[in-house]
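# Notes for the structure review
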Amino acid sequence: MNRAGGRGPEAGVRDQPSIRRSRTRKWAAILATMLVVSACGGGSGLEVTDAWGRSSPMVAEAAAFYVTIDNGSDTDEQLVAASSDRCGAIEIHNSKMNDDGVMMMNQADPSLLAVPAGGTLEMAPGGLHVMCLQVTEAPQLGEDIDLTLEFESGTSLDVVVSIEDR
Amino acid sequence: MTVSERPHSDADNLDQDLGSKPSPPRARRRVWAVAAAVAAAGILAFFVGTALRPHIYAGTVFQSPSPAPAIDLIAHTGEPVDLADYRGEVVLLYFGYTHCPDVCPLTLSNAAKAIDNLGSDGERVNVMMVTVDPERDTPELLGEYVTFFDESFLGLYGAEQDLARTAALYGVFYQAREGTPESGYLVDHTASLMAIDPDGFLRLLWTPDVTNEDLTADLRELLG
């Protein structure tokens, strides 16, 4: 009995931080939900989990952005286009090195832009990239650039590309 | 240690003890001493081994029989390039163009990071990007482009035939190809980063996927 009585106050003391923790968790959950909702294309199940680009010399007329798109839905999706105020035109390109070490950059074959149900489309330097052409103003370190991705299904995703030194 | 703690503590027994089988605490002490010696030797061997182990280059190593071919091109600063000026230093040579948004910035920013990582040794690394797009890359444009990554970088240009000859001498291929009306033409090009060592020989070649950490380690070794 004494022991049980001894535990009582202790438990009470412990309760307070745990309440605080659960509150923090609740807010984190709300925030996370808001973020997910804002990144989702109207409940399409598409989510951009990473979007970045390198800062470019002011004289650069082209810049590359790299996005990672998760498809949480059970429908296949296909990335078809992208647009941004900062780019006169956007093409989705793929850099590919041949056996002789020659780097060739081409518009990406549509087969490379599929985002299969439950799958991911990942872009990275030296491979797939969103090619921002006729750059109106070169992206600078620390900037956030608005980019819209268009899918064959008619879904569009608004993405914020963060300009980083990776 | 006090006398009372020692077994067979009688002074009379001391001489006898030395000749007889060691008492347990002494044996333990000896075991500890041996263990400590072995551990110390092991640690020493590890560090000596690490220091002496030859560096394994991340890049592809060349054993060039003759010094690197002359680069008869002009730097964006207006100065002609003479490789003889760079003896005792490393030259990193890259062929690229300013309308290249993916692989060229990747390589140049990796080179800039490696130079930062090297600290004061980085001052002995000289990055030069030869344009494979002489039509669009004016010296001014080239200069602004390369110095964005590091102010020491040089952009190299020259007459069409000088560029073609330099590229051929370094085994570099480049060819302009029609893109879309939006992108204009694109230039396919060998995307290797090459290093000319402090003795003036072509020594190393990296593909664009080299990390700046690997590049740093290779350059540190090359600088000696």
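Residues numbered from 1 in each chain as written. Chains lettered and ligands numbered in written order. Predicted model: local features only at pLDDT ≥ 70, side-chain atom pairs only at ≥ 80, totals over all residues. Heavy atoms only, no water.

### Here's the deal with the state of the cysteines
We apply this condition: The disulfide criterion is simple: two cysteine sulfur atoms within 2.5 Å. What counts as a helix is a DSSP run of H or I of at least four residues, what counts as a strand is a run of E of at least two, and both are numbered from the N terminus. Only protein chains enter the accessibility calculation, which uses a 1.4 Å probe; a residue whose area is less than 20% of its type maximum is buried, one above 50% is exposed, and one in between is partly exposed.
This model, assessed by the stated rule, comprises two disulfides over all chains. A:C87 shares a disulfide with A:C132; S-S distance 2.1 Å. Where A:C87 bonds to A:C132 through sulfur, the torsion about that S-S bond is close to -110°, and the disulfide is left-handed. On the criterion of sequence distance, the pair formed by A:C87 in strand 4 (residues 87-97) and A:C132 in strand 8 (residues 128-135) is long-range, its members being 45 residues apart. With respect to burial, A:C87 and A:C132 carry one shared label: buried. Between the sulfur atoms of B:C100 and its disulfide partner B:C104 the distance amounts to 2.2 Å. Torsion about the S-S bond of the B:C100 and B:C104 cystine: about 100°, corresponding to right-handed handedness. Given the relative accessible area of 0%, B:C104 is considered buried.

### A closer look at the packing of aromatic side chains
Residue and element names in this part refer to chain B. Quick note on the threshold: Aromatic contacts are taken between Phe, Tyr and Trp rings whose centres are within 6.5 Å, Trp giving its six-membered ring; a plane angle under 30 degrees counts as stacked, one over 60 as edge-to-face, and the others as tilted.
Taken as a whole, this structure holds three aromatic pairs over all chains when the rule is applied. Ring geometry for Y145 and F149: centres 5.6 Å apart, planes at 65°, overall edge-to-face. You can see Y145 and its partner F149 sitting in helix 4 (residues 139-149), four residues apart, about one turn around the helix. Using a relative accessible area of 12% as the deciding quantity, one classes F149 as buried.

### Overview of a negative patch on the surface
Our working definition: The patches reported here contain residues having more than 30% relative accessible area and no salt bridge. Joining distances are 9 Å for like charges and 5 Å for nonpolar side chains (Val, Leu, Ile, Met, Phe, Trp, Tyr). Method for areas: the Shrake-Rupley scheme with a 1.4 Å probe, in which residue coverage is limited to the protein chains shown. Think of a salt bridge as a Lys or Arg side-chain nitrogen and an Asp or Glu carboxyl oxygen that are within 4 Å of each other. None of His or the chain ends enter the tally, which takes Lys and Arg as positive and Asp and Glu as negative. Charged side chains are reduced to one point each, which is NZ for Lys, CZ for Arg, CG for Asp and CD for Glu.
Judged by side-chain charge, A:D85, A:D144, A:D146, A:E150 and A:D158 come together as a negatively charged surface patch. The biggest single contributor to the negative patch is strand 9 (residues 144-151) of chain A, with three residues.

### Side note on the confidence of the model for chain B
Residues and elements named next belong to chain B. Definition in use: Per residue, pLDDT captures the predictor's confidence, and it can take any value from 0 to 100. Residue contacts are defined here by distance: any two heavy atoms, one from each residue, within 4.5 Å place the two residues in contact.
On average, chain B scores 89 in pLDDT, and the residues at 70 or more come to 89%. Counting interchain partners and residues more than four positions distant, the pLDDT-below-50 stretch residues 11-15 has two contacts. Note on the complex model: pTM 0.75, ipTM 0.72.

### Things to note about the sheet that holds strand 1 (residues 60-61) of chain B
All names here are of chain B. Put simply, the rule reads: The pairing criterion is simple: DSSP has to find at least two bridges between the two strands.
The seven strands lie next to each other as 1-9-8-3-4-5-2, forming an open sheet whose pairing is mixed. With partners counted over all chains shown, the strands left at the sheet margins are strand 1 and strand 2 (74-75), one partner each. Two strands pair when backbone bridges link them, and strand 4 (residues 125-131) and strand 5 (residues 154-157) are joined in this way by three bridges, in the parallel orientation. Paired with M128 across the bridge in strand 5 is L154.

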